[in-house]
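So you can see what is in the structure, the chains are spelled out below.
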Amino acid sequence: MSGLWFNASWRGKALCLLLLLVFALAPVIADRYLLSVLILVFYFSYLGHAWNLLMGFAGQLSLGHALYLGLGAYTAAALWTLFGIGPWLGVFVAIPVATAAGLFIGWLGWRFAIEGVYFALLTIAFAEFTRIGFDHLQITGAAGGLFLPVNGQAANEWWNLGGGPLLYYYLSLTLAAAGTLLVARLRQSPLGYRWLAVREDPQAAQAVGINVFRARMMAMLVSAGMTAVGGVFYGFYYRNLFPSQVFDIGHSIELILAPIIGGLGTVFGPIVGAIILTPLGEGLTGLMQSLGLNAPGAKAIFYGVTLMTIISLQPNGVWPWLARHLRLDRPPE
Amino acid sequence: MAAITLNVIVQGLLTGLVYGLMALGLSVIFGVMRVVNFAHGEFTVVGMYAAFVLFETLHLDPLTVLLPIAAVFFGIGYLLQRTLINPFVGRAEHEQFILLVGLATVIVNGLLLVFGPDARPINLSYSFDSYAVGPLFLDKVRVFAALGALAVAAALLLFFRYTRTGTAIRACADNLTGAAVVGLDVKQLYAVTFGLGLACVGAAGTLMATIADASPSLAQAYTLLAFTIVIIGGLGSMVGALIGGILIGVSEALAGFYIQPSMKSMFSFALLIIVLVLRPQGLMGRRL
């Protein structure tokens, strides 16, 4: 973090602190709805960070991150509903389960030099395979879904991740902030530089003595582990899990839009992307409702057009452009 | 029992040929331009709806409108490539991915907006007829669809092998710089390629409409299906796409009959994982 912090211009530092302050105090004036939108912004920032580590830093395209999210969510939720083991403990089971899956896929793929599109399809295949598997797994409710009792919510049991919107708000804010710190720290670490070298040119990286396979596996380890934590949050926030939603490829795609739109391989890209995309989706829903339009699909069409426009005009994402124009980064000497 | 199994396998094989034609379009586009068409299933479903609308309004048999629909899809593909997709050729995979996912979202929700979520069947007069060949009972629509798919695929193979344009496109796929150096209009050829890819999809969608009910929810499943087939057969190999289609068609039919219809694609994905690990270039693909 330190390096990144000192490289920022005073404007950047001021904006960063201001945003944190605004988010920390937001619940004072924000209503329930606005809080729920902000929770989604933080949630998608955090998961965007996780995915960005693998794609943006280590250069491996995963289109199946819903797998790690779903495994994390289902593990913690099943421990809670079946054995009464709370999520604060359950998360330490969820992380190993998801990272084991991630490392297995990474091992299978990278061992056999499956990269690029092929690796992306391998990740989709595993996520879809697991989705259909969970659709038929009776112990977690199969396709009918797994439900977490809501009485914990009324009882305000924070130690079981049950409570009002404020609990989830600060929890998601903490996740997003901690995720940002972790990514910023990793970015400046020797491991982070190895990732960048591997991303830019695996052969050259190998030639200077970097273990490419190990660097990628490390990225997968952190990425899948972070995603699993996000999954635990997902499970206890929504309190219901359906394989067709959690493991769906649509969910995987949803997770990766924010970092790509915000700026791949940057620390602040996922945050900027989530801040743009989440309110856009919510705002469209609100607009359609207030206009009295009942046209299913119209919102998603606009969403699709927005994606195509942004990727055509700013293929490197919004954040690098924003940072340049607002002079948030110190200009290179 | 053996007769039933044989029937299931043959039905899967016939469906698989239509799958193969759909995947062929994807394979051609990727093989030449290295662009992964993530909106492939969406275009297939557009083809299904085109056949459905022509059948409902003008009572045209899907088999008679096969070529007109393919021709219109060629035009759409040509224009799409010239305007939207060409700037993305050679760009990073994730950028192409976002562009085409955006396009797929627009298409599938456009269909939802126009036609609603209900499945739309085409009830042909011969929908329930079948041929009895020895112990086999072959659905008439499936036989026609498979023959149609084979005919279109054969036409495409001959085009690539024996025409000047086809040869030029193969040259672009083999060596882009070389093709440009000898004076080929690469942009034009890419647009023709994307057009041909979509023509396959239009034809496949039209044939598919006779054996499955059109619905927007099919789109994503078909995109994944096309990918699975193409990887199994070998990305960029045309014969591989057809073989992959048959394999997946048969595997789906067997799994659907003997295990559970809802689990059939699980076996396709398992097959995909096995092929990716043991032979990542696919059954008919050249070495990576």
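What you see is a predicted model; the values in this text were computed from it and never measured.

A. Summary view of the overall build of chain A. Across its full length, chain A carries 16 helices and 2 strands. Sorting the 333 residues of chain A into buried and exposed places 53% on the buried side. Accessible surface for chain A amounts to roughly 14400 Å². Of this, 68% is attributable to carbon and sulfur atoms. The average position of the 16 basic charges and that of the 12 acidic charges among the side chains of chain A differ by 10 Å.

B. Spatial organisation of the interface of chain B and chain A. With 39 residues of chain B at the contact, the number on the chain A side is 40 residues. Interface area, chain B with chain A, both sides summed: about 3600 Å², of which 83% is carbon and sulfur. At the junction of chain B with chain A, the criterion picks out 0 salt bridges. At the surface where chain B touches chain A, the tally comes to 3 residue pairs in polar contact (both at pLDDT 80 or more). Mapped by element, the contributors of at least two residues to the side of chain B that touches chain A are helix H4 (93–115), helix H9 (218–233) and helix H11 (264–278) of chain B. For the side of chain B that touches chain A, the element with the highest residue contribution is H4(B), accounting for 15 residues. In terms of residue class, the side of chain B that touches chain A is made up of 27 nonpolar, 9 polar and 3 charged.

C. The arrangement of the pattern of salt bridges in detail. Residue and element names in this part refer to chain A. This structure, assessed with the given rule, holds 5 salt bridges over all chains. Across the pair Arg 131 and Glu 128 runs a salt bridge whose closest N-O atoms are separated by 2.8 Å. Pair noted here: Arg 131 and Glu 128 are both in helix H6 (residues 116–135), with a separation of 3 residues, about one helical turn. Residue Arg 131 is classed as buried on the basis of its relative accessible area of 17%. Take Glu 128: its relative accessible area is 3%, and that puts it in the buried class. With its nearest N and O atoms 2.9 Å apart, the salt bridge here joins Glu 200 to Arg 199. On the basis of relative accessible area, Arg 199 is assigned to the partly exposed category, the value being 32%. If you follow the salt bridges from partner to partner, you end up with Glu 128, Arg 131 and Asp 135 in one network.

D. Structural context of the packing of helix H14 (residues 269–290) of chain A against helix H16 (residues 318–325) of chain A. All names here are of chain A. Between H14 and H16, the least distance of the axes is 8 Å, while the angle of their chain directions is 100 degrees. Regarding the angle of H14 to H16, the classification is roughly perpendicular. Here H14 contributes Gly 269, Val 272 and Ile 276 to the contact with H16, which in turn contributes Val 318, Trp 319 and Leu 322.

E. Main features of a nonpolar patch on the surface. A cluster of nonpolar side chains, namely Leu82(A), Phe83(A), Ile85(A), Leu89(A), Leu137(A) and Ile139(A), defines an oily patch on the protein surface of about 590 Å² accessible area. Here Leu89(A) is to be found in helix H5 (residues 87–111).

F. How the structure looks around the packing of aromatic side chains. This model, assessed by the stated rule, comprises 26 aromatic pairs over all chains. Summarising the aromatic geometry, the rings of Phe23(A) and Phe42(A) are spaced 5.0 Å apart at their centres and angled 85 degrees between planes, so their arrangement reads as edge-to-face. Residue Phe23(A) is found in helix H2 (residues 10–29), and its partner Phe42(A) is found in helix H3 (residues 32–57); the two are separated by 19 residues along the sequence. The pair formed by Phe23(A) and Phe42(A) is uniform in burial state, with each residue classed as buried. Measuring from ring centre to ring centre gives 5.5 Å for Phe159(B) and Phe160(B), while their planes differ by 75 degrees; the resulting arrangement is edge-to-face. You can call Phe160(B) buried: its relative accessible area is 6%. Among the aromatic residues, ring-to-ring pairing joins Tyr43(A), Phe44(A), Tyr168(A), Phe233(A), Tyr234(A), Tyr237(A) and Tyr238(A) into one connected group. The ring centre of Phe213(A) lies 4.3 Å from the NZ or CZ of Arg111(A), which sits over that ring. Taking NZ or CZ as reference, Arg91(B) lies 4.2 Å from the ring centre of Phe88(B), over its face.

G. Layout of helix H1 (residues 2–33) of chain B. Residues and elements named next belong to chain B. With 32 residues, H1 extends 45 Å between its outermost C-alpha atoms, agreeing within 8% with the 46 Å of an ideal straight helix rising 1.5 Å per residue. A large share of H1 lies buried, amounting to 25 of its 32 residues. The first or second residue beyond H1 is Arg 34, which carries a positive phi of 60 degrees.

H. Examining unusual backbone geometry more closely. Of note, the phi angle at Arg239(A) is positive, near 60 degrees, even though the residue is not glycine. Secondary-structure assignment places Arg239(A) in the loop between helix H11 (212–238) and strand E2 (240–241). Here the phi dihedral of His59(B) falls at roughly 55 degrees; this positive angle occurs in a residue that is not glycine. One can find His59(B) in the loop between helix H2 (40–58) and helix H3 (66–85). With relative accessibility at 63%, the residue His59(B) sits in the exposed group.

I. Representation of the confidence of the model for chain B within the structure. Chain-level statistics for chain B give a pLDDT mean of 90 and a share of 99% at 70 or above. When the elements of chain B are averaged for pLDDT, strand E1 (residues 130–133) of chain B gives the smallest value, 84, and H2(B) the largest, 95.

J. Structural detail: the pairing of strand E2 (residues 136–139) of chain B. All names here are of chain B. Residues Leu 136 and Leu 138 point to one face of E2 and are all buried, whereas Phe 137 and Asp 139, pointing to the other face, are not buried. Note: E1 against E2, 4 bridges, orientation antiparallel. Bridging from a neighbouring strand, Tyr 131 pairs with Leu 138 of E2. Hairpin remark: E1 followed by E2, antiparallel, with 2 residues in the connecting loop; positive phi at Gly 134, about 60 degrees.

K. Here's a closer look at the nonpolar core. By size, the foremost hydrophobic cluster in this structure holds 208 residues, and its most contacted members are Tyr169(A), Trp195(A), Leu21(B) and Phe43(B). Residue contacts for Trp195(A): discarding those within four places in its chain leaves Leu53(A), Phe57(A), Ala58(A), Leu186(A), Ala215(A), Met218(A) and Ala219(A).

L. View of H14(A). All names here are of chain A. Helix length check: H14 (22 residues) gives 31 Å between terminal C-alpha atoms against 32 Å at 1.5 Å per residue, within 8%. Within H14, burial applies to Gly 269, Pro 270, Val 272, Gly 273, Ala 274, Leu 277, Thr 278, Gly 281, Leu 284 and Met 288. Here the buried face of H14 lies against H3, helix H13 (249–262), helix H15 (298–313) and H16. After H14 finishes, the residue Gly 292 shows a positive phi value of roughly 70 degrees.

M. The side chain of Ser268(B), seen in detail. All names here are of chain B. Tracing the sequence through the fold places Ser 268 in helix H11. Take Ser 268: its relative accessible area is 3%, and that puts it in the buried class. In contact with Ser 268, other than residues within four places in its own chain, are Thr 228, Ile 232, Ile 248, Ser 251 and Glu 252.

Scoring rules and cut-offs
- Numbering of residues starts from 1 in each chain and follows the order in which that chain's sequence is written.
- Both sets of labels track the order of writing: A upward for chains, 1 upward for ligands.
- Local features in this predicted model are restricted to residues of pLDDT 70 or higher, and side-chain atom pairs are both shown and tallied only at a pLDDT of 80 or more, whereas totals for entire chains, interfaces and linings draw on every residue.
- Think of the side-chain values as coming from all heavy atoms in the structure, minus any hydrogens and water.
- Secondary structure elements are taken from DSSP: a helix is a run of H or I of four residues or more, a strand is a run of E of two residues or more, and numbering for both begins at the N terminus.
- Throughout, exposure labels follow a simple rule: accessible area from a 1.4 Å probe, protein chains only, divided by the maximum for the residue type, with under 20% read as buried, over 50% as exposed, and the rest as partly exposed.
- Only the protein chains shown count as covering a residue, and every accessible area follows the Shrake-Rupley method with a 1.4 Å probe.
- For the purpose of counting charges, residues Lys and Arg are taken to be positive, whereas Asp and Glu are taken to be negative. His and the chain ends are not included.
- By convention, the charge on Lys lies at NZ, on Arg at CZ, on Asp at CG and on Glu at CD.
- Residues are treated as being in contact if the distance between any of their heavy atoms lies within 4.5 Å.
- Note on definitions: buried area is the accessible-area loss of two parts on being combined, 1.4 Å probe, summed for both.
- Each reported salt bridge corresponds to a side-chain nitrogen of Lys or Arg within 4 Å of a carboxyl oxygen of Asp or Glu.
- Throughout this description, a polar contact denotes any pair of N or O atoms lying within 3.5 Å of each other; where both atoms belong to protein, one of them has to be capable of donating a hydrogen while the other can accept it, and for residues adjacent in sequence the pair is counted only when both atoms sit in side chains.
- Residues are grouped as follows: Ala, Val, Leu, Ile, Met, Phe, Trp, Tyr, Cys and Pro are nonpolar; Asp, Glu, Lys and Arg are charged; every other residue, Gly included, is polar.
- Between N-to-C directions, angles span 0 to 180 degrees; the directions come from axes that are lines fitted to C-alpha atoms, helices contributing only their stretch in contact.
- Angular relationships are summarised with four words: roughly parallel below 35 degrees, roughly antiparallel beyond 145, roughly perpendicular across 65 to 115, and oblique for the angles in between.
- Like-charged residues are merged into a patch within 9 Å and nonpolar side chains (Val, Leu, Ile, Met, Phe, Trp, Tyr) within 5 Å, provided each residue has over 30% relative accessible area and no salt bridge.
- Aromatic rings from Phe, Tyr and Trp, with only the six-membered ring used for Trp, were paired whenever their centres fell within 6.5 Å, and each pair was classed as stacked if the ring planes differed by under 30 degrees, edge-to-face if by over 60, and tilted otherwise.
- Geometrically, a lysine NZ or arginine CZ counts as sitting over a ring once it is within 6 Å of the ring centre and also within 35 degrees of the ring normal.
- Given a helix with a known number of residues, its expected span is that number minus one, times 1.5 Å.
- Confidence scores here are pLDDT values: one per residue, from the predictor, ranging 0 to 100.
- Any two strands between which DSSP finds at least two bridges are classified as paired.
- Residues grouped as a nonpolar core are buried Ala, Val, Leu, Ile, Met, Phe, Trp, Tyr and Cys residues, joined through side-chain atoms within 4.5 Å.

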